[in-house]
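Remarks on the overall topology
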Amino acid sequence: MSQRKKVLGIGSPRFATKEFAALKEVADIHWFVPDDHPQVIHEVKRLCEEQGPFDAAYVLFGTAKYGPFTEEMLRPLFPGCGLFASGGAGYDDIPTEFLAEKGAYAANTPTAVTNATADMALFLTLAVLRNTSQVEANCRAGRWRDSLELNEDPFGKIFGIFGMGKIAKATAKKVQGTGMKVIYNSRTKLSDEEEKTLDVSYVTEDELLASSDVLSLHCPLTPETRQWFDAERIAKLKHGAFFVNTARGAIVDEAALIQALDSGKIKRAGLDVFIGEPKPDPWFLQSDKVTIQPHWAAFTTGTIYVGECQVLDNVRTFLETGRPRYPVNKPKGKEV
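Residues numbered from 1 in each chain as written. Predicted model: local features only at pLDDT ≥ 70, side-chain atom pairs only at ≥ 80, totals over all residues. Heavy atoms only, no water.

A word on the overall build of the protein chain
Each helix and strand counted, the protein chain has 13 helices and 12 strands in total. Taking 2.2 N^0.38 as the reference for a compact globule, 336 residues should give roughly 20 Å; the C-alpha atoms of the protein chain span a radius of gyration of 22 Å, in line with that estimate. For the protein chain, the C-alpha atoms occupy an extent of roughly 75 × 50 × 35 Å along the three principal directions. The 336 residues of the protein chain split such that 49% are buried. The contacts of the protein chain with a sequence gap of at least 6 include a subset with a gap of at least 24, amounting to 66%. Accessible area for the protein chain stands at about 16,400 Å²; split by element, carbon and sulfur atoms hold 51% of it. Placing the 40 positive and 44 negative side-chain charges of the protein chain at their respective mean positions leaves the two points 3 Å apart. (Helix = DSSP H or I, 4+ residues; strand = E, 2+ residues; numbered from the N terminus. Rg over C-alpha atoms; globule rule 2.2 N^0.38 Å. Buried < 20%, exposed > 50% of the residue type's maximum accessible area, 1.4 Å probe, protein only. Contact = heavy atoms within 4.5 Å. Areas by Shrake-Rupley, 256 points an atom, 1.4 Å probe, with all protein chains shown as cover. Lys, Arg positive; Asp, Glu negative; His and termini not counted. Charge placed at Lys NZ, Arg CZ, Asp CG, Glu CD.)

A few points about the UniProt feature "domain: D-isomer specific 2-hydroxyacid dehydrogenase catalytic" (unreviewed entry) in the protein chain
As recorded in UniProt, the feature "domain: D-isomer specific 2-hydroxyacid dehydrogenase catalytic" (unreviewed entry) lies at residues 47-329. Counting secondary structure, residues 47-329 comes out at 37% helix and 14% strand; the distance between its end C-alpha atoms is 25 Å. (UniProt positions renumbered as here; feature names shortened; annotations may be inferred.)

What to know about the domain arrangement of the protein chain
We note that the domain assignment places domain 1 (6-112 + 301-321) and domain 2 (113-292) within the protein chain. Summarising the inter-unit geometry, the C-alpha centres of domain 1 and domain 2 are found 32 Å apart. Contacts between domain 1 and domain 2 engage 11 residues on the former and eight residues on the latter. Of the roughly 740 Å² buried where domain 1 meets domain 2, counting both sides, 58% is carbon and sulfur surface. The largest contributions to the domain 1 side of the interface with domain 2 come from Ala-64, Asp-92 and Thr-111, which together make up 47% of the buried area. Summed over the shared surface of domain 1 and domain 2, the result is one salt bridge. (Domains from an automatic or database assignment. Buried area = accessible area lost by both parts, 1.4 Å probe. Salt bridge = Lys/Arg side-chain N within 4 Å of Asp/Glu carboxyl O.)

A short note on the packing of aromatic side chains
Enumeration over the complete set of coordinates arrives at 11 aromatic pairs. Taking 6.3 Å as the distance between ring centres and 70 degrees as the angle between the ring planes, the aromatic pair formed by Tyr-105 and Phe-318 counts as edge-to-face. Pair noted here: Tyr-105 is in strand β5 (residues 105-107) and Phe-318 is in helix α13 (residues 301-321), with a separation of 213 residues, a long-range link. The pair formed by Tyr-105 and Phe-318 is uniform in burial state, with each residue classed as buried. (Phe/Tyr/Trp six-rings, centres within 6.5 Å; stacked < 30°, edge-to-face > 60°.)

What about the sheet that holds strand β10 (residues 241-245)?
Remark on secondary structure: sheet strands pair via backbone hydrogen bonds, oriented parallel or antiparallel. Ordered by their spatial adjacency, seven strands build an open sheet running β8-β7-β6-β9-β10-β11-β12, and the pairing between neighbours is parallel. Both outer strands of the open sheet, β8 (200-202) and β12 (290-292), are each paired with one neighbouring strand and no more. Looking at each pair of strands side by side, their axes are set apart by 20 degrees on average, direction ignored. Two strands pair when backbone bridges link them, and strand β6 (residues 158-162) and strand β7 (residues 181-185) are joined in this way by five bridges, in the parallel orientation. Residue pairing across strands places Gly-160 opposite Ile-183, the latter belonging to β7. Across the sheet, helix α5 (residues 114-130) is in contact with β6, β9 (214-217), β10, β11 (266-271) and β12; its angle to β10 comes to roughly 150 degrees. Where helix α7 (residues 166-176) meets the sheet, its contacts fall on β6, β7 and β8, and the angle it forms with β6 comes to roughly 175 degrees. (Pairing = 2+ DSSP bridges. Axes fitted to C-alpha atoms, helices over the stretch in contact; angles between N-to-C directions.)

Topic: the packing of α5 against α7
Direction vectors running N to C along α5 and α7 enclose 50 degrees, while the axes themselves pass 8 Å from each other. For the element pair α5 / α7, the angle class is oblique. Helix-helix and strand crossings are classified by hand; for α5 and α7 the assignment is right-handed. Contact residues: Thr-114, Asn-115, Thr-117, Ala-118, Asp-119, Ala-121 and Leu-122 in α5; Lys-166, Ile-167, Ala-170, Thr-171, Lys-174 and Val-175 in α7. Here the contact of α5 with α7 is composed, by residue class, of six nonpolar, four polar and three charged. (Parallel < 35°, antiparallel > 145°, perpendicular 65-115°, else oblique. Left-handed = near helix turned anticlockwise from the far one by under 90°. Nonpolar A, V, L, I, M, F, W, Y, C, P; charged D, E, K, R; others polar.)

What about the pairing of β6?
Burial of β6 is extensive: four of the five residues sit out of reach of the surface. In the classification by handedness, the crossover that spans β6, the intervening α7 and the parallel β7 is right-handed. Here β6 pairs with β9 via four bridges, running parallel. The residue bridging Ile-161 from the neighbouring strand is Ser-216, located in β9. (Right-handed = clockwise from strand over helix to strand, strands pointing away.)

Quick look at the structure:
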């Protein structure tokens, strides 16, 4: 009789409870409730010493309080662990190269958050065009429409996308429903057929910046995109353009963004992501020129359920086949 597989879990599912129970039928899951970064480091080490080695490990959603998942945090999993599965499409907080060097897969949930994040991009776009944060504050303060300026219609505006992946494609469809025209720039140009299907037009980076009424970021955070939206690129925008970011905070030079908002170069911004989460720069918390959300795009019941299912599916598929469903790295000696 073969020995049962072991899984280390950082947290347990809130919604995918049946799927969690099904995984428990084929593996022993040792999990803990995560709190902060030092506590997670301590608990991973403790469980590995007491219950390891583990065949796989996972983390779910809402990790800002205790991420990133550093080499120090994950090192006790080795030798033995072949997978670290995480929730979310982005994996910039996962040491994928370190895991590959250790012979382990990293895996994400690439489709779980697509529609919810696109919804947030649309929401923030409408919020900045219609100035809803300031208007609501005015209303709550009993001033009704006093001192409010007329705001902007989306119809006829040019919506510029930087980074045309799954979320960006879903966003394009949603903003087109408001009558906006979509242009994009991306590392890889879509085929002519897909551009026609999506009704989007590829432009150069400079054309994207110069033409967009609303610029929306949808690229992954990589060494090449870190601080991509800097003072030099901001200078190429239309005066009074609008800016939306549902990707990653570190893609933006926040000091340059604040300066652009203060000067009016960027009229308003809608932000779901920040540097230093969960404690963003206080300027963003106080300014009426930004609509802010606490990295909240994926936090709907349906999205979290699908995401939890995909995390658990990555684990189960790996235990059964030796390869997760959604790998994002290429471990030493294994196929990707």
